[in-house]
Amino acid sequence: MSDRPQKLSDDARSAAMKNLPDWSYDADNKAIEKTFLFKDFSRAWGFMNRAALLAEKMDHHPEWFNVYNRVEVKMTTHDAGGVTDLDIHMATAMDEFAGA
């Protein structure tokens, strides 16, 4: 048995995303994505810092883009060719970090 993350089936991904209502699935990029809006840059940076610490711990890193109070996040597991439990875990944690 491999310890590499396995891509979730469409049904499993859809079921997991029911707990991530503000995230959407991008079929072209085989990723889940969300835009977070914060009161100011400092809060956006704090969110990114917390997410970065978890990403390092998990060895699973988001694709993201930040301008002032907006952080656009895309999560996928490139090795698996799509969304895995790692992406769902990171997305859930990011929602918690943002107070969603």
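Check the entry above for the structure.
Residues numbered from 1 in each chain as written. Predicted model: local features only at pLDDT ≥ 70, side-chain atom pairs only at ≥ 80, totals over all residues. Heavy atoms only, no water.

Some details on the side chain of His60
Formally: Numbering of helices and strands starts at the N terminus; helices are DSSP runs of H or I of at least 4 residues and strands are runs of E of at least 2. For this analysis, residues touch if any pair of their heavy atoms sits within 4.5 Å.
Among the structural elements, His60 can be located in the loop between α2 (41-58) and β3 (63-67). Not counting chain neighbours up to four residues away, the residues in contact with His60 comprise Ala55, Met75, Thr76, Thr77, Leu86, Asp87 and Met90.

Points about unusual backbone geometry
Note the following rule: With a 1.4 Å probe rolled over the protein chains alone, any residue whose accessible area is under 20% of its type maximum counts as buried; one over 50% counts as exposed, and the rest are partly exposed.
The backbone of Lys30 sits at a positive phi, close to 50°, despite the residue not being glycine. Despite not being glycine, Asp59 shows a phi value in the positive range, around 55°. Here Asp59 lies in the loop between α2 and β3. Residue Asp59 is classed as exposed on the basis of its relative accessible area, which comes to 62%.

Considerations on the side chain of Asp26
As a reminder of what qualifies: Polar contact is the term for a pair of N or O atoms within 3.5 Å; when the atoms are in protein, one must be able to donate a hydrogen and the other to accept it, and sequence-neighboring residues count only if both atoms are side-chain atoms.
Along the chain, the position of Asp26 falls in strand β1 (residues 24-26). A polar side-chain atom of Asp26 sits 3.1 Å from the main-chain amide nitrogen of Asp28. Within the structure, the side chain of Asp26 is placed 2.6 Å from the side chain of Asn29, a separation counted as a polar contact. Leaving out residues up to four positions away in the same chain, Asp26 has contacts with Ala31, Glu33 and Lys74.

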